[in-house]
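Chain and residue survey
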Amino acid sequence: MQTIRELDALRNCVGAWQAAGDRIALVPTMGALHAGHMALVTEARRHADRVVTSIFVNPTQFGPNEDLDRYPRREAADAAMLESHGCDLLWAPEVATMYPAGFATNVSVRGVSETLCGAARPGHFDGVATVVAKLFGQVQPDVALFGEKDYQQLAVIRRMARDLDIAVDVVGVPTQREDDGVALSSRNAYLGPDERIAARALPRALGAAADSIAAGDPIAGALLEARRRLSEAGFTPIDYVALVDADTLQDVPVAKGSLRLLAAAWLGRTRLIDNLPLELN
Ligand code: PAF
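Rules used throughout
- Residue positions are given per chain, counting from 1 as you read along its sequence in written order.
- Two thresholds apply to this predicted model, a pLDDT of at least 70 for residue-level local features and 80 or more for giving and counting side-chain atom pairs, whereas whole-chain, interface and lining totals are computed over all residues.
- Derived side-chain values reflect all non-hydrogen atoms in the structure, with water molecules and hydrogen atoms excluded from consideration.
- Each helix corresponds to a stretch of at least 4 residues labelled H or I by DSSP, and each strand to a stretch of at least 2 residues labelled E; elements are numbered beginning at the N terminus.
- We compute the radius of gyration from the C-alpha atoms alone; for a globule the expected value is 2.2 Å times N to the 0.38, where N is the number of residues.
- Residue exposure (1.4 Å probe, protein chains only): buried if accessible area is under 20% of the type maximum, exposed if over 50%, otherwise partly exposed.
- Any two residues having at least one pair of non-hydrogen atoms within 4.5 Å are treated as being in contact.
- Accessibility throughout is a Shrake-Rupley quantity obtained with a 1.4 Å probe, and a residue counts as covered only by protein chains that appear here.
- The charge count treats Lys and Arg as positive and Asp and Glu as negative. His and the chain ends do not count.
- To locate a charge, take NZ of a lysine, CZ of an arginine, CG of an aspartate or CD of a glutamate.
- Given the number of residues in a helix, its expected span is that number minus one, multiplied by 1.5 Å.
- Think of it this way: one heavy atom of a residue within 4 Å of a molecule or strand is enough to make that residue near it.
- Nitrogen and oxygen atoms within 3.5 Å of one another constitute a polar contact, given that in protein one can donate a hydrogen and the other can accept it, and given that sequence-neighbouring residues count only through two side-chain atoms.
- Each residue gets one of three labels, nonpolar for Ala, Val, Leu, Ile, Met, Phe, Trp, Tyr, Cys and Pro, charged for Asp, Glu, Lys and Arg, and polar for the others, Gly among them.
- Strands were regarded as paired on the criterion that DSSP finds at least two bridges between them.
- What counts as an axis is a line fitted to C-alpha atoms, over the stretch in contact for a helix, and the angles between N-to-C directions run from 0 to 180 degrees.
- The term nonpolar core refers to a set of buried residues drawn from Ala, Val, Leu, Ile, Met, Phe, Trp, Tyr and Cys, joined through side-chain atoms within 4.5 Å.
- Definitions used for this entry: grid spacing 1 Å over protein atoms alone; cavity, a set of points where a 1.4 Å probe fits but cannot get out; pocket, an open set with protein on both sides within 12 Å along at least 5 of 7 lines; lining residue, one with an atom within 4 Å of a point.
- Grid points are joined across faces, edges and corners, and a volume is the space filled by probe spheres set on the points.
- One side-chain nitrogen of Lys or Arg within 4 Å of one carboxyl oxygen of Asp or Glu is enough to make a salt bridge.

The next point concerns the overall build of the chain. Of regular secondary structure, the chain possesses 10 helices and 9 strands. Rg of the C-alpha trace for the chain: 19 Å, near the compact-globule value of 19 Å for 281 residues, within the 12% margin. C-alpha atoms of the chain, sized along the principal axes, occupy 55 × 40 × 40 Å. In the chain, which comprises 281 residues, the share counted as buried stands at 52%. For the chain, the share of sequence-separated contacts (at least 6 apart) that also reach a separation of at least 24 residues comes to 72%. Accessible area of the chain: about 12,900 Å², with a carbon and sulfur share of 50%. Charged side chains in the chain number 28 positive and 36 negative. The centres of these two groups are separated by 2 Å.

Structure below.
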């Protein structure tokens, strides 16, 4: 696996693959890779002849008081993991390559970006949409893979690709979980031992709410009970617990159709998110 940091070299490499008729997959990441990312790489192999993974800790998607500085960076270990999972190319640009002097463009996706994490983290999804649009332009993948753990991000990127006529298949890959149900996340590394145990309450609260809603209980009561469980486990504040339409991410008045149950809440200095699908007739 080669590591490339310059745009010209990336274009030469990808251009040669395209000329040979290869189908190209992109797995965009911010590094600190774990088994969840490797599931994306493995899935990417099923969709394409060549797999490119990008590692770029994108400053524009972090708010002023967020964890940009302490975000885990371990490129050598990431590269070894990628190589052992059959990744062909690591695209690891510097900040100045992604955002050269004079950079002035912002991609903003209305609607799906504005609720949930978008409300709690103003500007976050503009940063994500802008950098992913750039990555799509740079790598020109046929298919791009994203984890469903960041469900709203996936919805934003799908909307952006549709709206901008970007010819890429955006594929969502189910959340990978530890044995105790906690979703794999690079931010789990921030949790102390007690917080890591408390984190189990997040998938459990969502699972209980999903069961309750599927059994016909009122949505509001089920969401309130999930909040209560999270508070009891030590999560504070709770940014949201919500049941939304799986495509538009708007609240639903009745529990019917393709839905998503999502939550975001803090354990100490760490903000955790999780979500579950809910299909109801
Ligand atoms: O999910 C992530 O790691 C990031 O938000 C992404 C999609 C790589 C954009 O920086």
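Now that the structure has been shown, we can carry on.
With that settled, consider helix H7 (residues 151-163). In this model H7 runs 18 Å from its N-terminal to its C-terminal C-alpha over 13 residues, within 8% of the 18 Å that 1.5 Å per residue would give. Residues of H7 that are buried include every one of Tyr151, Gln152, Gln153, Leu154, Ala155, Val156, Ile157, Met160 and Ala161, and no others. Asp165 occupies a position one or two residues after H7 and carries a positive phi of about 55°.

Neighbouring the ligand are the residues Pro28, Thr29, Met30, Asn58, Gln61, Val131, Val132, Phe146 and Gln153. At 2.6 Å, a side-chain N or O of Gln61 approaches an oxygen atom of the ligand. Within the side chain of Gln153, an N or O atom sits 2.6 Å from an oxygen atom of the ligand. For the ligand, whose accessible area on its own is 290 Å², the fraction buried by protein is 90%. Listed by contribution, the elements that provide at least two residues to the shell around the ligand are strand S2 (24-29) and helix H6 (124-139). Of the residues assigned to the shell around the ligand, the class counts are 5 nonpolar, 4 polar and no charged.

So, on to unusual backbone geometry. A cis amide bond, omega -5°, links Thr236 with the succeeding residue Pro237. The topology assignment puts Pro237 in the loop between helix H10 (219-233) and strand S7 (238-245). A positive phi is found at Ala32, a non-glycine position, where the angle reads about 50°. By the secondary structure assignment, Ala32 is in the loop between S2 and helix H2 (35-47). Note on Ala32: relative accessible area 0%, which makes it buried. Backbone geometry places Asp165, a non-glycine residue, at a positive phi of 55°. The exposed category is assigned to Asp165, whose relative accessible area is 67%.

Take the sheet that holds strand S5 (residues 143-147) next. Ordered in space as S1-S4-S3-S2-S5-S6, the 6 strands form an open sheet in which the pairing is parallel. If you trace the sheet from one side to the other, it starts and ends with strand S1 (2-4) and strand S6 (169-173), each paired once. The average undirected angle you get between the axes of adjacent strands in this sheet is 25°. In terms of strand pairing, S2 meets strand S3 (residues 50-55) through 6 bridges, oriented parallel. In the strand pairing of S3, Ala25 is matched with Val51. Here H2 sits on the sheet in contact with S2, S3, S5 and S6, set at roughly 155° to S5. Contacting S2, S3, strand S4 (89-91) and S5, H6 crosses the sheet at an angle of about 150° to S2.

This next bit is on the nonpolar core. Within the largest apolar cluster, 46 residues are counted, with the highest numbers of intra-cluster contacts made by Val52, Leu89, Val132, Phe136, Phe146 and Met160. At 9 residues, H6 tops the list of elements feeding residues into this core. Setting aside anything within four residues of it in sequence, one finds Val52 in contact with Trp17, Ile24, Ala25, Leu26, Val27, Cys87, Leu89, Trp91 and Val139. Of all hydrophobic cores here, the second largest spans 29 residues; its members include Ile219, Leu243, Leu259 and Leu272.

Let's shift gears to the layout of surface pockets. Roughly 250 Å³ of volume is contained in the second largest pocket. Ile55, Phe56, Val57, Glu75 and Pro93 are the residues nearest the centre of the second largest pocket, which is lined by 15 residues in total. Here the lining of the second largest pocket is built from residues that sort into 8 nonpolar, 1 polar and 6 charged.

This part covers the pattern of salt bridges. Counted according to the given criterion, the structure contains 18 salt bridges. In this structure, Arg5 engages Glu75 in a salt bridge whose closest nitrogen and oxygen atoms are separated by 2.8 Å. Of this pair, Arg5 sits in the loop between S1 and helix H1 (7-19) while Glu75 sits in helix H3 (residues 75-84), and the two are 70 residues apart along the sequence.

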